[in-house]
Amino acid sequence: MVAGKGRLRVAALHAASVAALTFLVVAAPTLAALGTTLAVTAVHIAIDRIKQAVGETLGPFLADQAAHLATLGTAALVVPTLWADGVWAALLPEGTAPALAYLAFGLIAVRAGRFAVGKTLATIGTDAEIEGIAEGSLKDAGARIGELERLLTYALVVTGNTTGVAFLVAAKSILRFDATRDDRASAEYIIVGTLASIAWALGAAFLAILLIGDTP
């Protein structure tokens, strides 16, 4: 019972944070804004509950991210004047909305990408095998490298410097060559992780350009 109350409390706090952040972004004193906030929050919690019931593997994670993005896209289509009716449109300079949207996709590329890459790597080895490969590395160094890798990839693409991604991959390959030359498992682990990381950042960047249009 205590554990159940604890989970209920966490769920309530999560719902409250989603509602607060959604309304903070919308910031419009209208019934449409309030209704959108409540709808987005309800759908968000429902999606999370479904993911928890299905599992925390790669497939459910990807479906979860797609569902959340579709929810926000649907809200924008149903109530297209949310930003224009809000206080931020009056207070901030023109062009702020696209810039914030690109920033949001950047967070998806970097932060959500960490979970996507981790779940991808979990499909190619056991926890013990992965821990063995990572043994001897600095704490969280791989995660930080991956985040920087995705940040640079995303930034290069949305600013129109897509060819720079090739140089980024080449540079990482050269730096990692000596460390993996005689260790096939480590080499495969790094190749899969790098490809998954770059692919996620590329996907986030091209989706941002497709949906938002004007590049920063």
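Residues numbered from 1 in each chain as written. Predicted model: local features only at pLDDT ≥ 70, side-chain atom pairs only at ≥ 80, totals over all residues. Heavy atoms only, no water.

## Section: the overall build of the protein
Okay, step 1: Secondary structure assignment for the protein yields ten helices and zero strands.
Okay, step 2: In sequence order, the protein lays out its α and β elements as α-α-α-α-α-α-α-α-α-α.
Okay, step 3: Look at the contacts in the protein between residues 6 or more apart in sequence, and 76% of them connect residues 24 or more apart.
Okay, step 4: When the accessible surface of the protein is summed, it comes to about 13,500 Å², and 71% of that surface belongs to carbon and sulfur atoms. (Helix = DSSP H or I, 4+ residues; strand = E, 2+ residues; numbered from the N terminus. Contact = heavy atoms within 4.5 Å. Areas by Shrake-Rupley, 256 points an atom, 1.4 Å probe, with all protein chains shown as cover.)

## A closer look at the pattern of salt bridges
Okay, step 1: Per the stated rule, a full pass over the model turns up three salt bridges.
Okay, step 2: A salt bridge links E147 to R114, with the nearest nitrogen and oxygen atoms 3.7 Å apart. Within this pair, whereas E147 is found in helix α8 (residues 141-158), its partner R114 is found in helix α6 (residues 96-121), the two being separated by 33 residues in sequence.
Okay, step 3: Relative accessible area serves as the criterion here: at 29%, R114 is assigned to the partly exposed category.
Okay, step 4: Between R144 and E147 there is a salt bridge, with its nearest N and O atoms 3.0 Å apart. Highlighted residues: R144 and E147, both in helix α8, separated by three residues, approximately one helical turn.
Okay, step 5: Judged by its relative accessible area of 16%, E147 is buried.
Okay, step 6: Via salt bridges that share partners, R114, R144 and E147 belong to a single interconnected network. (Salt bridge = Lys/Arg side-chain N within 4 Å of Asp/Glu carboxyl O. Buried < 20%, exposed > 50% of the residue type's maximum accessible area, 1.4 Å probe, protein only.)

## Notes on the confidence of the model for the protein
Atomic detail in the predicted coordinates should be set aside for any region of low pLDDT.
Okay, step 1: The pLDDT averaged across the protein works out to 84; a share of 85% of its residues lies at or above 70.
Okay, step 2: Between the elements of the protein, mean pLDDT differs from a low of 58, seen in helix α7 (residues 127-134), to a high of 92, seen in α6.
Okay, step 3: Long-range and interchain partners of residues 1-5, a stretch whose pLDDT sits below 50, account for zero contacts in this model, where long-range means more than four residues apart. (pLDDT = per-residue confidence, 0-100.)

## Let's talk about the packing of aromatic side chains
Okay, step 1: Inspection of the entire model under this criterion finds two aromatic pairs.
Okay, step 2: When the ring of F61 is compared with that of F115, the centres are 6.5 Å apart and the planes differ by 50°; the resulting orientation is tilted. Remark: F115 occurs in helix α6 and F61 occurs in helix α3 (residues 58-78); sequence separation between them is 54 residues.
Okay, step 3: In this structure F61 comes out as buried when scored by relative accessible area, which is 6%.
Okay, step 4: Here F115 falls in the partly exposed class, since its relative accessible area comes to 40%.
Okay, step 5: Arranged with centres 6.1 Å apart and planes meeting at 35°, the rings of F61 and W200 form a pair that is tilted. In this pair, F61 sits in helix α3 while W200 sits in helix α10 (residues 184-212), placing the two residues 139 residues apart along the sequence. (Phe/Tyr/Trp six-rings, centres within 6.5 Å; stacked < 30°, edge-to-face > 60°.)

## Some details on a nonpolar patch on the surface
Okay, step 1: On the surface, V87, L91, L92, L100, L103 and L107 cluster together into a nonpolar patch covering about 560 Å² of accessible area.
Okay, step 2: At the level of elements, α5 (87-91) and α6 are the ones that each hand at least two residues to the nonpolar patch.
Okay, step 3: Per-element tally for the nonpolar patch: the top contributor is α6, with three residues.
Okay, step 4: For L107, the position within the fold is in helix α6.
Okay, step 5: We classify L107 as exposed; its relative accessible area is 55%. (Patch = residues over 30% accessible without salt bridge, like charges linked within 9 Å, V, L, I, M, F, W, Y side chains within 5 Å.)

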